[in-house]
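Here are the chains, one letter per residue:
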Amino acid sequence: MNFKIAVIPGDGIGPEIVGTSLKVLDKIAEKYDHVFDYTEVLAGGAAIDACDTPLPQETVDICLASDAVLLGALGGPKWDNVPGDKRPEAGLLALRKSLGLYANLRPAILFDELKASCPLKPEIIGNGLDIMVVRELTGGIYFGEKGRDGENAAWDIMKYTRPEVLRIARKAFDIAMKRNKKVTNVDKANVLEVSRFWRSCVEEVAKDYPEVELNHLYVDNAAMQLVINPKQFDVIVTGNLFGDILSDEASMITGSIGMLPSASMADGKFGMFEPIHGSAPDIANQNKANPIATIVSVAMMLRYSLDLTKEANAIDAAVQKTLAQGYRTGDIFSDGMTLVGTIEMGQKIIENL
Ligand code: IPM
Ligand code: MG
């Protein structure tokens, strides 16, 4: 089959991890007889440098004309002093919004092979962790009205509309139906009106899913529960800001933020796939970055957007096998393992495909 993929390497380690991941995808193409037609486009800092905007319209157009988008990472200290609405991150938010990607799925899975990199005690992680964070991605405080009164004050409004909450809740319940049928809604309903509203919308959707068990946690408690009893979680559904924070936490309990993929989905099959970590400018261009989060993001792309389940499973299995063989980038290194760089990690995974 032929597929069109828009590729946004981005900034910092972005080009390295994306380059390595595309080699893995090339191997899939060869082995399973597909054609992946890549179109590289600019966003973030690279786009600011080349065309003075973090998100050129051409990028949006090409993404929309593709079957899926693969993104590395955006941002870096070089653009720290540009105005807020021109920052690389603003380009990422605008991209999510213009592609309608309201559902961000962030699976936090602890591979057996990485138990030594997990900061939690063995009795807490038991036989492993498998949590799906479903983060609302195009609303809430990230996109609310914002303003500044000179040196005196500044504000960002956290607002959610009913359709926004209903659709993300539905996504979470649909996903839970294919997993362990448990949804934990995370909000701050003891303080925020927007959270009380959010919660009532989630409860409304829950009525259509009698088989799914729903519980609610305040975000502060959820942050704590993730480290003291992470096994209670199956699917976590939450708003944009809380999801941003909790998914970083969930990633660390699986060993390293360098391991976690994500899928940002609209209603159909179209999606954008990106590691949850940032552009790590401190290790850019040193062949040190862990490419696994991006490689498994490619697997998510095959599974969710291109319906290539067998191929997606093959990538996941190859990653697991490579870890079992003891190959580790610096972020997941532990005694007795073999330290490898970005490129070598990619090569080992390709050999295992
Ligand atoms: C993420 C990132 C982004 C976010 C930044 C880079 C704008 O932290 O994808 O989690 O906050 O959504
Ligand atoms: Mg984040």
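- Per an unreviewed UniProt entry, the protein chain is named 3-isopropylmalate dehydrogenase, and its organism is Acetobacterium woodii.
- Listed under Sequence similarities (unreviewed entry) in UniProt, the entry text for the protein chain is "Belongs to the isocitrate and isopropylmalate dehydrogenases family. LeuB type 1 subfamily."

Comments concerning the packing of aromatic side chains
Centre-to-centre distance and the angle between the planes together describe a pair of aromatic rings.
Line of reasoning, step 1. Under the definition given, this model contains 3 aromatic pairs.
Line of reasoning, step 2. Taking the centre distance of 5.8 Å and the plane angle of 25° together, the rings of Phe3 and Phe36 count as stacked. With Phe3 in strand β1 (residues 2-10) and Phe36 in strand β2 (residues 35-40), this pair connects stretches of sequence that are 33 residues apart. As far as the burial class goes, Phe3 and Phe36 line up, both buried.

Considerations on the site of ligand 1
Line of reasoning, step 1. Every residue close to ligand 1 is listed here: Glu89, Arg96, Arg106, Arg135, Tyr142 and Asp244.
Line of reasoning, step 2. Here an oxygen atom of ligand 1 sits 2.8 Å away from a polar atom, N or O, in the side chain of Arg106.
Line of reasoning, step 3. Judged by its atoms lying within 2 Å of the grid points, ligand 1 is housed in the second largest pocket.
Line of reasoning, step 4. Here the residues of the shell around ligand 1 sort into 1 nonpolar, no polar and 5 charged.
Line of reasoning, step 5. Each of domain 1 (1-107 + 259-353) and domain 2 (119-253) accounts for three or more of the residues forming the shell around ligand 1.

Let's talk about the side chain of Thr138
Line of reasoning, step 1. Here Thr138 lies in the loop between β5 (130-136) and β6 (146-149).
Line of reasoning, step 2. Apart from the residues lying within four places of it in its own chain, the contact partners of Thr138 are Arg96, Lys97, Leu101, Tyr102, Phe143, Glu164, Arg167 and Asn240.

Focus: the pattern of salt bridges
Line of reasoning, step 1. Summed over the entire model, instances satisfying the criterion amount to 18 salt bridges.
Line of reasoning, step 2. For Arg135, the salt bridge goes to Asp244, with nearest N and O atoms at 3.9 Å. With Arg135 in strand β5 and Asp244 in helix α9 (residues 240-252), this residue pair connects regions lying 109 residues apart in the sequence.
Line of reasoning, step 3. Judged by its relative accessible area of 1%, Arg135 falls in the buried class.
Line of reasoning, step 4. Its relative accessible area of 26% is what places Asp244 among the partly exposed residues.
Line of reasoning, step 5. Two residues, Asp208 and Arg170, come together in a salt bridge whose shortest N-O distance is 3.0 Å. Taken together, the residues span a long stretch of sequence, with Asp208 in the loop between α7 (193-206) and β9 (213-218) and Arg170 in helix α6 (residues 162-177) at a distance of 38 residues.
Line of reasoning, step 6. With a relative accessible area of 35%, Arg170 lands in the partly exposed category.
Line of reasoning, step 7. A cluster of three or more residues bridged by salt bridges with shared partners is formed by Asp80, Arg87 and Glu89.

Some remarks on the nonpolar core
What tends to happen in soluble globular proteins is that the nonpolar side chains get buried as a cluster.
Line of reasoning, step 1. Counting residues in hydrophobic clusters, the biggest one holds 87 residues, and the most contacted among them are Phe36, Leu105, Val134, Ile292, Leu302, Ile315 and Val319.
Line of reasoning, step 2. Counting the residues that make up this core, at least three belong to each of domain 1 (1-107 + 259-353) and domain 2 (119-253).
Line of reasoning, step 3. When near neighbours in sequence (up to four residues on either side) are disregarded, Leu302 contacts Leu25, Ile28, Phe36, Asp307, Leu308, Glu311, Ala312 and Ile315.
Line of reasoning, step 4. Ala43, Val69, Leu74 and Leu95 belong to the second-largest nonpolar core, a separate cluster that totals 17 residues.

Side note on the layout of surface pockets
Line of reasoning, step 1. In this structure, the largest pocket occupies an estimated 720 Å³ of space.
Line of reasoning, step 2. Along the walls of the largest pocket sit 23 residues, with Pro107, Met132, Met300, Arg303 and Tyr304 positioned nearest its centre.
Line of reasoning, step 3. Listing elements by their share of the lining of the largest pocket, those giving two or more residues are β4 (103-109), β5, α6, α10 (292-304) and α11 (309-324).
Line of reasoning, step 4. At 4 residues, the largest contribution of residues to the lining of the largest pocket is made by α10.
Line of reasoning, step 5. A breakdown of the residues in the lining of the largest pocket according to their chemical character gives 13 nonpolar, 3 polar and 7 charged.
Line of reasoning, step 6. When residues of the lining of the largest pocket are assigned to domains, at least three fall in each of domain 1 (1-107 + 259-353) and domain 2 (119-253).
Line of reasoning, step 7. One number sums up the size of the second largest pocket: a volume of about 380 Å³.
Line of reasoning, step 8. Elements with a minimum of two residues in the lining of the second largest pocket: β3 (68-73), α4 (88-98) and α9.
Line of reasoning, step 9. A per-element tally of the lining of the second largest pocket places α4 first, with 5 residues.
Line of reasoning, step 10. Partitioned by chemical class, the residues of the lining of the second largest pocket number 10 nonpolar, 3 polar and 7 charged.
Line of reasoning, step 11. Each of domain 1 (1-107 + 259-353) and domain 2 (119-253) accounts for three or more of the residues forming the lining of the second largest pocket.

Procedures and definitions
Residues numbered from 1 in each chain as written. Chains lettered and ligands numbered in written order. Predicted model: local features only at pLDDT ≥ 70, side-chain atom pairs only at ≥ 80, totals over all residues. Heavy atoms only, no water. UniProt positions renumbered as here; feature names shortened; annotations may be inferred. Phe/Tyr/Trp six-rings, centres within 6.5 Å; stacked < 30°, edge-to-face > 60°. Helix = DSSP H or I, 4+ residues; strand = E, 2+ residues; numbered from the N terminus. Buried < 20%, exposed > 50% of the residue type's maximum accessible area, 1.4 Å probe, protein only. Near = heavy atom within 4 Å. Polar contact = N/O pair within 3.5 Å; in protein donor to acceptor, adjacent residues only side chain to side chain. 1 Å grid on protein atoms, 1.4 Å probe; cavity = no way out; pocket = protein on both sides within 12 Å on 5 of 7 lines; lining within 4 Å. Sits in = over half its atoms within 2 Å of the grid points. Nonpolar A, V, L, I, M, F, W, Y, C, P; charged D, E, K, R; others polar. Domains from an automatic or database assignment. Contact = heavy atoms within 4.5 Å. Salt bridge = Lys/Arg side-chain N within 4 Å of Asp/Glu carboxyl O. Core = buried A, V, L, I, M, F, W, Y, C linked by side-chain atoms within 4.5 Å. Points joined across faces, edges and corners; volume = space filled by probe spheres on them.

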